[in-house]
Amino acid sequence: MSDHVRLVIENGIGIVTIDRQEVLNALDDGILAGLEEAFLALGRDPSIRAVILTGAGKAFVAGADIKAMAAFTPVEARSFAQRGQRIFTLIEDYPHPVIAAINGYALGGGCELAMTCDIRIASEKAKAGQPEANLGVLPGFGGTQRLARILGRSAAKYLLFTGEVISAARGLELGLFNEVVAPENLMPRCMEIATAIAAKAPVAVSSVKRAVNEGTDGPLAHGLALEAELFSRTFSTLDQKEGMQAFIDKRPARFLGK
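So, here's what we can say about the structure.

## Looking at the overall build of the protein
- Looking only at helices and strands, one finds 11 helices and 10 strands in the protein.
- Here the protein has a C-alpha radius of gyration of 19 Å; the compact-globule value for 258 residues is 18 Å, and the two agree.
- Its C-alpha atoms put the protein at 60 × 40 × 35 Å along the principal axes.
- Of all 258 residues assigned to the protein, the portion counted as buried reaches 44%.
- In the protein, 67% of the contacts between residues at least 6 apart in sequence involve partners at least 24 apart.
- Approximately 13200 Å² of the protein is accessible, and the part contributed by carbon and sulfur atoms is 58%.
- Positive and negative charge centroids in the protein, built from 27 and 29 side chains respectively, lie 4 Å apart.

Structure below.
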């Protein structure tokens, strides 16, 4: 694992922490490699049911490493953007829910990283934004695309055009964040959510994620067909039989992820 990305697994919950505090966890090649390695490792572990992604210290991720980027040629910039997009899409497509625990600054690449996650819980100290226009560039890791899909085009364009950094409360109002909590409650709340998810039928939860991710960007008919297909597949699982029998028996279900 990268020197600046840690992976810990607790009771079927993976906790990925970016720790490069001297530069507020700014993204560079090493952190990108560490994130890729962590999520590939999580993908090989059948015990995982949910993941929490967070940053150490005062920041979630305060952006990309501007000093490293400043001398990029156009060809190098394209390569960097494509690599970041590929790794961020790996996180977005990870089959189990990923929760962003946004403890502080989530700017530029940090905001883009948070948006790859399924659920975003923010500390009251969190700040978010896409300030790339201040640097003469635009987001390169998916910011223009995911922000517009999450907030809608108008709100996304406003933030992208102005480069405004918004508070946690404003992020909640816009729908960027699902919840805002006191700093000391951030990881406990994320663990609470992850634990609740981990108690559900894993195949069903993964199917929900796939249906939403793949079905909502195209025509409704495509999404409905995908939903019906995934719905039918769950009836070949032991978890479907267990879940429905447990409901009939009025007892808690014991899901196996099969």
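## Comments concerning the pattern of salt bridges
- Across all of its chains, the model carries 15 salt bridges by this definition.
- Between Asp-118 and Lys-209 there is a salt bridge whose closest N-O contact spans 2.9 Å. Note that Asp-118 is positioned in the loop between α4 (109-115) and β7 (119-123) and Lys-209 in helix α9 (residues 202-215), a separation of 91 residues in sequence.
- Assessed through its relative accessible area of 29%, Asp-118 is described here as partly exposed.
- By sharing partners, the salt bridges in this structure join Arg-20, Asp-28 and Asp-65 into a single network.

## Digging into empty space enclosed by the protein
- Applying the stated criterion across every chain, the model contains 1 cavity of 30 Å³ or more.
- The calculated volume of the largest cavity comes to roughly 30 Å³.
- The class makeup of the residues in the lining of the largest cavity is 6 nonpolar, 2 polar and no charged.

## Structural notes on the side chain of Asp-239
- Relative to the helices and strands, Asp-239 resides in helix α11 (residues 238-249).
- Comment: no salt bridge for buried Asp-239; closest opposite-charge side chain is Arg-49, at 6.8 Å.

## Section: the packing of aromatic side chains
- Counting across every chain of the model gives 5 aromatic pairs.
- Look at Phe-39 and Tyr-94: their rings are 5.7 Å apart centre to centre, the planes differ by 75 degrees, and that puts the pair in the edge-to-face class. A residue pair is termed long-range when its members are at least 10 positions apart, and Phe-39 in helix α1 (residues 29-43) and Tyr-94 in the loop between α3 (74-92) and β5 (98-102) qualify at 55 residues. Neither Phe-39 nor Tyr-94 differs from the other in exposure class; each is buried.

## Some details on helix α6 (residues 153-162)
- Where α6 is concerned, the buried positions are Ala-156, Leu-159 and Leu-160. All buried residues of α6 lie within an arc of 95 degrees about the axis, which places them on one face of the element. Of the residues in α6, the exposed ones pointing more than 90 degrees away from the buried face are Ser-154 and Phe-161.
- The elements touched by buried residues of α6 are α5 (143-151), β9 (166-167) and α7 (168-174).
- Looking at the residues trailing α6, positive phi occurs at Gly-163, about 70 degrees.

## A short note on the pairing of strand β1 (residues 5-10)
- Relative to strand β2 (residues 13-18), β1 runs antiparallel, the two sharing 6 bridges. The partner of Ile-9 across the bridge, within β2, is Gly-14.
- Taken together, β1 and the strand that follows it, β2, pair antiparallel across an intervening segment of 2 residues, in which Asn-11 is found at a positive phi of about 55 degrees.

## Concerning unusual backbone geometry
- In this structure, Leu-24 is a non-glycine residue whose phi angle is positive, near 55 degrees.
- Mapped onto the fold, Leu-24 is located in the loop between β2 and α1.
- Residue classification places Leu-24 among the partly exposed residues on the basis of a relative accessible area of 32%.
- Unlike most non-glycine residues, Lys-250 shows phi in positive territory, near 60 degrees.
- Take Lys-250: it is sitting in the segment after α11.

## Looking at the sheet that holds strand β8 (residues 127-129)
- A sheet is described by the order of its strands in space; here 4 strands give the open sequence β4-β6-β8-β9, paired in mixed fashion. Of all strands in the sheet, those with a lone pairing partner are β4 (59-61) and β9, marking the two edges.
- Where strand β6 (residues 105-107) lies against β8, 3 bridges are found, and the strand directions are parallel. Note on β8: the bridge partner recorded for Leu-107 is Gly-129.

Rules and cut-offs
- Residues numbered from 1 in each chain as written.
- Predicted model: local features only at pLDDT ≥ 70, side-chain atom pairs only at ≥ 80, totals over all residues.
- Heavy atoms only, no water.
- Helix = DSSP H or I, 4+ residues; strand = E, 2+ residues; numbered from the N terminus.
- Rg over C-alpha atoms; globule rule 2.2 N^0.38 Å.
- Buried < 20%, exposed > 50% of the residue type's maximum accessible area, 1.4 Å probe, protein only.
- Contact = heavy atoms within 4.5 Å.
- Areas by Shrake-Rupley, 256 points an atom, 1.4 Å probe, with all protein chains shown as cover.
- Lys, Arg positive; Asp, Glu negative; His and termini not counted.
- Charge placed at Lys NZ, Arg CZ, Asp CG, Glu CD.
- Salt bridge = Lys/Arg side-chain N within 4 Å of Asp/Glu carboxyl O.
- 1 Å grid on protein atoms, 1.4 Å probe; cavity = no way out; pocket = protein on both sides within 12 Å on 5 of 7 lines; lining within 4 Å.
- Points joined across faces, edges and corners; volume = space filled by probe spheres on them.
- Nonpolar A, V, L, I, M, F, W, Y, C, P; charged D, E, K, R; others polar.
- Phe/Tyr/Trp six-rings, centres within 6.5 Å; stacked < 30°, edge-to-face > 60°.
- Arc of directions from axis to C-beta.
- Pairing = 2+ DSSP bridges.

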